[in-house]
Amino acid sequence: MTQPPPVLSDETRLLLLRLADKLDALRPNAAMAEGIRLAQALVLAEQLHGVTEAAYSAEQDLLAAMPLVREDETRGEYATQLRLIAQGVAL
């Protein structure tokens, strides 16, 4: 599991929480996949900034903060991890 940067920006925390909410709202008991992690980082960053350099930076910061998906992990379990990271809890 990768470790998030020691200090997360408010924007990265916001995006972590948005993704956690999204994963919990839609099929939280379904399997989480690495492709979802990668795709949602881009989607959320572009929703916030449009297709811009700022979105690219936000996406990269978000990906750096997000752990890799573990085998047999559900979307809801992954959402819990994202919330803990946003709160500054080390995993």
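Bear in mind the structure is a predicted one, so any value in this text is a computation, not a measurement.

So, how was this worked out
- Residues numbered from 1 in each chain as written.
- Predicted model: local features only at pLDDT ≥ 70, side-chain atom pairs only at ≥ 80, totals over all residues.
- Heavy atoms only, no water.
- Helix = DSSP H or I, 4+ residues; strand = E, 2+ residues; numbered from the N terminus.
- Rg over C-alpha atoms; globule rule 2.2 N^0.38 Å.
- Areas by Shrake-Rupley, 256 points an atom, 1.4 Å probe, with all protein chains shown as cover.
- Lys, Arg positive; Asp, Glu negative; His and termini not counted.
- Charge placed at Lys NZ, Arg CZ, Asp CG, Glu CD.
- Axes fitted to C-alpha atoms, helices over the stretch in contact; angles between N-to-C directions.
- Parallel < 35°, antiparallel > 145°, perpendicular 65-115°, else oblique.
- Left-handed = near helix turned anticlockwise from the far one by under 90°.
- Contact = heavy atoms within 4.5 Å.
- Nonpolar A, V, L, I, M, F, W, Y, C, P; charged D, E, K, R; others polar.
- Buried < 20%, exposed > 50% of the residue type's maximum accessible area, 1.4 Å probe, protein only.

Another aspect to go through is the overall build of the protein. Along the protein, the regular secondary structure elements total four helices and zero strands. The order of α-helices and β-strands along the protein, N terminus first, is α-α-α-α. Computed over C-alpha atoms, the radius of gyration of the protein comes to 12 Å, within 12% of the 12 Å expected from 2.2 N^0.38 for 91 residues, which places it in the range of a compact globule. On the principal axes, the C-alpha backbone points of the protein span a range of 35 × 25 × 20 Å. Counting only carbon and sulfur atoms, one obtains 57% of the accessible surface of the protein, whose full area is about 5,100 Å². Side chains of the protein carry 8 positive and 13 negative charges; the gap between the two charge centres is 5 Å.

This part takes up the packing of helix H2 (residues 34-49) against helix H3 (residues 53-65). Contact geometry for H2 and H3: axes closest at 8 Å, N-to-C directions at 140 degrees. As judged from the angle between their axes, H2 and H3 are oblique. Crossing angle aside, the handedness with which H2 passes H3 is right-handed. Two secondary-structure elements touch here, H2 through Arg37, Leu38, Ala41, Leu42, Ala45, Glu46 and His49 and H3 through Ala54, Ala55, Ala58, Glu59, Leu62 and Leu63. Tallied by class, residues from the contact of H2 with H3 come to nine nonpolar, one polar and three charged.

Bringing the environment of Val7 into the picture now. Of note, Val7 is situated in the segment before helix H1 (10-25). Val7 sits in the exposed class, given a relative accessible area of 70%. Residues Val7 and Arg75 lie 68 residues apart in sequence; the distance between their C-alpha atoms is 25 Å.

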